[in-house]
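Chain and residue survey
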Amino acid sequence: MTAPSIRNVSEREARQVAEAAREQDWRKPSFAKELFLGRFRLDLIHPHPTPAVDDVRRGEKFLATLREFCETQIDGARIEREGRIPDETVRGLKELGALGMKIDPKYGGLGLTQVYYNRALSLVGTASPAIGALLSAHQSIGVPQPLKLFGTPQQKETFLPRLARTDISAFLLTEPDVGSDPARLATTAVPEGDEYVLDGVKLWTTNGVVADLLVVMARVPASEGHKGGITAFVVEADSPGITVENRNAFMGLRGLENGVTRFHRVRVPAANRIGPEGAGLKIALTTLNTGRLSLPAMCVGSGKWCLKVAREWSAAREQWGRPIAKHEAVGAKISFIAATTFALEAVVDLSSQMADENRNDIRIEAALAKLYGSEMGWLMADELVQIRGGRGFETAPSLAARGERAVPAEQMLRDMRINRIFEGSTEIMHLLIAREAVDAHLSVAGDLIDPDKSLADKGKAAAKAGGFYARWLPKLVAGPGQLPRTFQEFGILAGHLRYVERTSRKLARSTFYAMSRWQGKMETKQGFLGRIVDIGAELFAMSAACVRAEHLRETGDHGREAQQLADAFCRQARIRIEELFGRLWTNTDELDRKVVSGVLDGSYGWLEEGIVDPSGDGPWIADATPGPSAKDNVHRPIG
């Protein structure tokens, strides 16, 4: 049983809405974009960019203050036990200025760089992932970032001082029947004089239960004087007609203030609209270009914690006369955690510094960091639970009750699981990155595979594509990665960079071959596209790890150890890459499609016999018909 969809759209319309929201132009170079095109632009990331001295001073000063607060004022076990961040802890974060880490000092914020903002999230996220999520949702995707990028001077002066010190914000896009397909967005904002009237229901509103200010995405109907389209608004959370109908509960992040918010005839001043009508999705995606870095930053912190616990436990625990770390089966897991943590930190720091310098377009780098960090972070947490054995499955309170160290490994696993879904699931990230990775091809040959284009348009596209590929394809045959002395300044890591250069060309050739083979059907080959993106993610991580290791060697900061970690990571990554290349063409994708058809048409219904289903009754998707709320308002702002 499914609640009727409020807004039905065709596949073509959905695709058009998503395409219109993309940033169409590439005004700055992109290392990752070039990598997917078979061009290894090491000059874009090496020498490793470094922050300004004053930025370091301010950032380190705040990190020291935040560390003391984490150690003395945050009780992660209490948050997990009570399923709520204590109000006094939130008030303490406000007093520290943690709500305004990225807000300009002229508005009362701390003005931290992206590098130090991410390091702060990494730190506080280890004390409590729920607090990390609260701060990230507030600043990475909440009101401050879109106002910073698209707000008017008046909007900034009105809202940013509040957001820097007292007001918590939330971002409201998802609806009960709308996830990654914004064309189905049903919440409306109808113009009435100098106001808009909002009606609709929003789901999974992180911070929504305690928020003071909201960014709301709503559809403005087209009318005389109104372009219409999905539009962004700043909305006061205590406005008449807003009801937080439910505080949602999850398998992890138990302190998360995430709810269901209903809007009924909510009046919002036109002055609170961010950007023009119809620009909402573009604003959201642009905000996420750097906002996505907060999630992998917290994955870095998780990796560091996993490494610490794995090291201490595997040295203390003995089996068959030796510490378990000395047994190869366990040692391989520890090596994976150490090497991957180093590489993931390299990816996040490099992407963050590039965001601060604003020299490169990092939309693909940030998306890759989110994808790679969430997947590898989950694997590291899973390996820690395996290393801990039965103790990894046991809760921290249970461990403490019987006299052992209260290590919340199972909580870490539960908390980390959402990262593969938050801010774009792995599957959606694959498609988003793949679209950007093949943008150069579609810009020159897209009309060739567009069924709606005329023969004349296709002829022009063929000529344009012929010129592009005549210049591009020969460059994929040979490159510096085939010369034994290339990148020799990297020492033992030079061979890995040569591998990245060769493999980026191989990746580009594979993409071109697939486009030639499938043409307009390419977008349906999601298994293939996902593997292409995963190869690119591994190559990006290898590049970042090598550049970071070389930077540390030059600065004399653990250079030898960094090279060892980078070498281990690159060797592990190369094995994963070769497996992915093999699966590009040898896989079960076609057979899987047939099996899925059989599942959906009931051919395998007999396979489900012999069980009971403990699920409750009710629709798969809750009814989100606009109207007044029939529930109590559970909104509880924290003063």
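These numbers come from a predicted model, not from an experiment.

1. Some words on the overall build of the protein chain
Looking only at helices and strands, the protein chain has 23 helices and 10 strands in total. Radius of gyration (C-alpha) of the protein chain: 25 Å, near the 26 Å computed for a compact globule of 639 residues. Summarising its shape, the C-alpha atoms of the protein chain cover approximately 75 × 70 × 65 Å along the three principal directions. Within the protein chain, the fraction of its 639 residues that count as buried is 53%. Look at the contacts in the protein chain between residues 6 or more apart in sequence, and 77% of them connect residues 24 or more apart. Carbon and sulfur atoms form 54% of the exposed surface of the protein chain, whose accessible area is close to 28800 Å². Charged side chains of the protein chain number 82 positive and 81 negative; the gap between the two group centres comes to 5 Å.

2. As for the confidence of the model for the protein chain
With 96% of its residues at a pLDDT of at least 70, the protein chain reaches an overall mean of 93. Per-residue pLDDT stays below 50 along residues 1–5; that stretch engages in 11 contacts with residues further than four places along the chain or on separate chains.

3. Describing the packing of helix H20 (residues 494–518) against helix H21 (residues 526–555)
With their axes 10 Å apart at the nearest point, H20 and H21 run at an angle of 165 degrees to one another. Taken together, the axis directions place H20 and H21 in an arrangement best described as roughly antiparallel. When the axes of H20 and H21 are compared, the crossing they make is left-handed. The segment H20 lies against H21, with His-496, Leu-497, Tyr-499, Val-500, Thr-503, Ser-504, Leu-507, Ser-510, Thr-511, Ala-514 and Trp-518 engaging Phe-528, Ile-532, Ile-535, Gly-536, Leu-539, Met-542, Ser-543 and Cys-546. The class makeup of the residues in the contact of H20 with H21 is 12 nonpolar, 7 polar and no charged.

4. A word on the layout of surface pockets
As a volume, the second largest pocket reaches approximately 1100 Å³. In terms of lining residues, the second largest pocket is bounded by 39 residues, among which Arg-119, Lys-304, Glu-345, Asp-349 and Arg-548 are the most central. Counting only elements with at least two residues in the lining of the second largest pocket, the list comes to helix H3 (53–73), helix H6 (114–127), helix H11 (294–316), helix H12 (328–357), H21 and helix H22 (559–585). Residue classes in the lining of the second largest pocket are distributed as 18 nonpolar, 11 polar and 10 charged.

5. Here's the deal with the side chain of Ser-169
Within the fold, Ser-169 resides in strand E1 (residues 169–172). The class of Ser-169 is buried, set by a relative accessible area of 0%. Excluding anything up to four places from it in sequence, Ser-169 contacts Ala-137, His-138, Gly-142, Val-143, Pro-144, Leu-163, Asn-207, Ala-211 and Leu-213.

6. A word on unusual backbone geometry
For the bond running from His-46 to Pro-47, omega is 0 degrees, close enough to zero to count as cis. Relative to the helices and strands, Pro-47 resides in the loop between helix H2 (31–36) and H3. Positive phi values are uncommon outside glycine, yet Trp-320 reaches one of about 55 degrees. Within the element layout of this structure, Trp-320 appears in the loop between strand E9 (318–319) and strand E10 (322–323).

7. Section: the nonpolar core
Formed by 93 residues in total, the largest nonpolar core has its most connected members in Leu-368, Leu-539, Met-542 and Phe-569. With near-sequence residues (within four places) excluded, Met-542 lies in contact with His-496, Tyr-499, Val-500, Phe-569, Cys-570, Ala-573, Arg-574 and Ile-577. Of all hydrophobic cores here, the second largest spans 32 residues; its members include Leu-66, Ile-85, Leu-96 and Ala-130.

8. Comments concerning the packing of aromatic side chains
Summed over the entire model, instances satisfying the criterion amount to 14 aromatic pairs. Taking 5.1 Å as the distance between ring centres and 50 degrees as the angle between the ring planes, the aromatic pair formed by Phe-528 and Trp-585 counts as tilted. Remark: Trp-585 occurs in helix H22 and Phe-528 occurs in helix H21; sequence separation between them is 57 residues. On the basis of relative accessibility, which here comes to 2%, the residue Phe-528 falls in the buried class. These aromatic residues form a ring-pair network of at least three members: Phe-31, Phe-40, Phe-487 and Phe-540. Across the ring face of Trp-313, the terminal group of Arg-388 is positioned such that the distance to the ring centre comes to 4.7 Å. Its end group placed over the ring of Trp-378, Arg-417 keeps NZ or CZ at 5.4 Å from the ring centre.

9. As for the pattern of salt bridges
In total, this model carries 46 salt bridges according to the counting rule given. The salt bridge involving Glu-550 is made with Arg-553; its shortest N-O contact spans 2.6 Å. Taken as a pair, Glu-550 and Arg-553 lie in helix H21 at a separation of 3 residues, close to a single helical turn. Where salt bridges share partners, they join Arg-84, Asp-87, Arg-247, Glu-257 and Arg-636 into one cluster.

10. A few points about H21
The terminal C-alpha atoms of H21, which comprises 30 residues, lie 43 Å apart, in line with the 44 Å expected from a rise of 1.5 Å per residue. When you tally the buried positions in H21, you get 23 out of 30 residues, the bulk of the element. Where H21 ends, the next residue or the one after it, Gly-556, has phi of about 70 degrees, a positive value.

11. Some points on the pairing of strand E2 (residues 188–192)
With 5 bridges joining them, E2 and strand E3 (residues 195–206) adopt antiparallel strand pairing. Across the sheet, Glu-192 pairs through a bridge with Glu-195, a residue of E3. Two successive antiparallel strands, E2 and E3, enclose a turn made up of 2 residues, where Gly-193 displays a positive phi of approximately 65 degrees.

12. A few points about the state of the cysteines
As enumerated under the stated definition, the model contains 0 disulfides in all. Take Cys-546: it sits in no disulfide, and the sulfur closest to it among the cysteines is that of Cys-570, at 3.7 Å. Relative accessible area serves as the criterion here: at 0%, Cys-546 is assigned to the buried category.

13. Things to note about helix H19 (residues 455–472)
Across its 18 residues, H19 extends 25 Å between first and last C-alpha, which sits within 8% of the 26 Å expected from 1.5 Å per residue. Ala-461, Ala-465, Phe-468, Tyr-469 and Trp-472 are the residues of H19 that are buried. Buried positions in H19, seen along its axis, are confined to an arc of 90 degrees and lie on one side of it. The exposed residues of H19 that point more than 90 degrees off its buried face are Leu-455, Ala-456, Lys-460, Ala-463, Ala-470 and Arg-471. Against helix H18 (439–445) and H20 lie the buried residues of H19.

14. Details of the packing of H12 against helix H13 (residues 363–388)
Relative orientation of the contacting elements H12 and H13 amounts to 155 degrees, with a least axis distance of 10 Å. If you check the angle between H12 and H13, you find them roughly antiparallel. As H12 runs across H13, the sense of the crossing is left-handed. Touching Val-330, Lys-333, Ile-334, Phe-336, Ile-337, Thr-340, Thr-341, Leu-344, Val-347, Ser-351 and Met-354 of H12 are Glu-365, Ala-369, Gly-373, Met-376, Leu-379, Met-380, Glu-383, Leu-384, Gln-386 and Ile-387, all from H13.

15. Quick notes on the environment of Leu-552
Positionally, Leu-552 belongs in helix H21. Excluding its chain neighbours within four sequence positions, the residues that come into contact with Leu-552 are Phe-342, Asp-557, Gly-559 and Ala-562.

How each quantity is defined
Residue numbering note: each chain is counted from 1, following its sequence as written. In view of the model being predicted, local features appear only for residues whose pLDDT reaches at least 70, and side-chain atom pairs are presented and counted only at 80 or more, with totals across whole chains, interfaces and linings using the full set of residues. Neither water nor hydrogens contribute to the side-chain values; these are computed over all heavy atoms in the structure. Per the convention used, a helix needs a DSSP run of H or I reaching at least four residues, while a strand needs a run of E reaching at least two, with both numbered from the N terminus. Computation of the radius of gyration draws on C-alpha atoms, with the globule rule given as 2.2 Å multiplied by the number of residues to the power 0.38. Relative accessibility thresholds used throughout: buried, under 20% of the residue-type maximum; exposed, over 50%; partly exposed, between the two (1.4 Å probe, protein chains only). Here, two residues are considered to be in contact whenever any of their heavy atoms come within 4.5 Å of each other. Note that accessible areas follow from Shrake-Rupley with a 1.4 Å probe, and for residues the cover is restricted to the protein chains shown. Counted charges follow a simple rule, with Lys and Arg positive, Asp and Glu negative, and His plus the chain ends left uncounted. Positions of charges follow a simple convention, taking NZ of Lys, CZ of Arg, CG of Asp or CD of Glu. Per residue, pLDDT captures the predictor's confidence, and it can take any value from 0 to 100. Helix axes are fitted to C-alpha atoms over the stretch in contact, other axes to C-alpha atoms as well, and angles between N-to-C directions run from 0 to 180 degrees. Our angle categories are set so that under 35 degrees counts as roughly parallel, over 145 as roughly antiparallel, 65 to 115 as roughly perpendicular, and the remainder as oblique. Crossing handedness: left-handed means the near helix sits turned counterclockwise from the far one by under a right angle, and right-handed means the same turn made clockwise. Classification used: nonpolar for Ala, Val, Leu, Ile, Met, Phe, Trp, Tyr, Cys and Pro, charged for Asp, Glu, Lys and Arg, polar for all others including Gly. In this analysis, the protein atoms alone were mapped onto a 1 Å grid. Cavities are point sets where a 1.4 Å probe fits without being able to get out; pockets are open sets with protein on both sides within 12 Å along at least five of seven lines; lining residues have an atom within 4 Å of a point. Grid points are joined across faces, edges and corners, and a volume is the space filled by probe spheres set on the points. Grouping buried Ala, Val, Leu, Ile, Met, Phe, Trp, Tyr and Cys residues that are joined through side-chain atoms within 4.5 Å yields what is termed a nonpolar core. In this scheme Phe, Tyr and Trp rings, the latter by its six-membered ring, pair at centre separations within 6.5 Å, and the angle between planes marks the pair as stacked below 30 degrees, edge-to-face above 60, and tilted otherwise. For a ring to carry a charge above it, either NZ of a lysine or CZ of an arginine must fall within 6 Å of the ring centroid while also lying within 35 degrees of the normal to the ring plane. Each reported salt bridge corresponds to a side-chain nitrogen of Lys or Arg within 4 Å of a carboxyl oxygen of Asp or Glu. Each helix should span, by expectation, one fewer than its residue count multiplied by 1.5 Å. In short, DSSP must find at least two bridges between two strands for them to pair. Whenever a pair of cysteine sulfur atoms sits within 2.5 Å, that pair is classed as a disulfide. Note: the arc covers the axis-to-C-beta directions of the helix.

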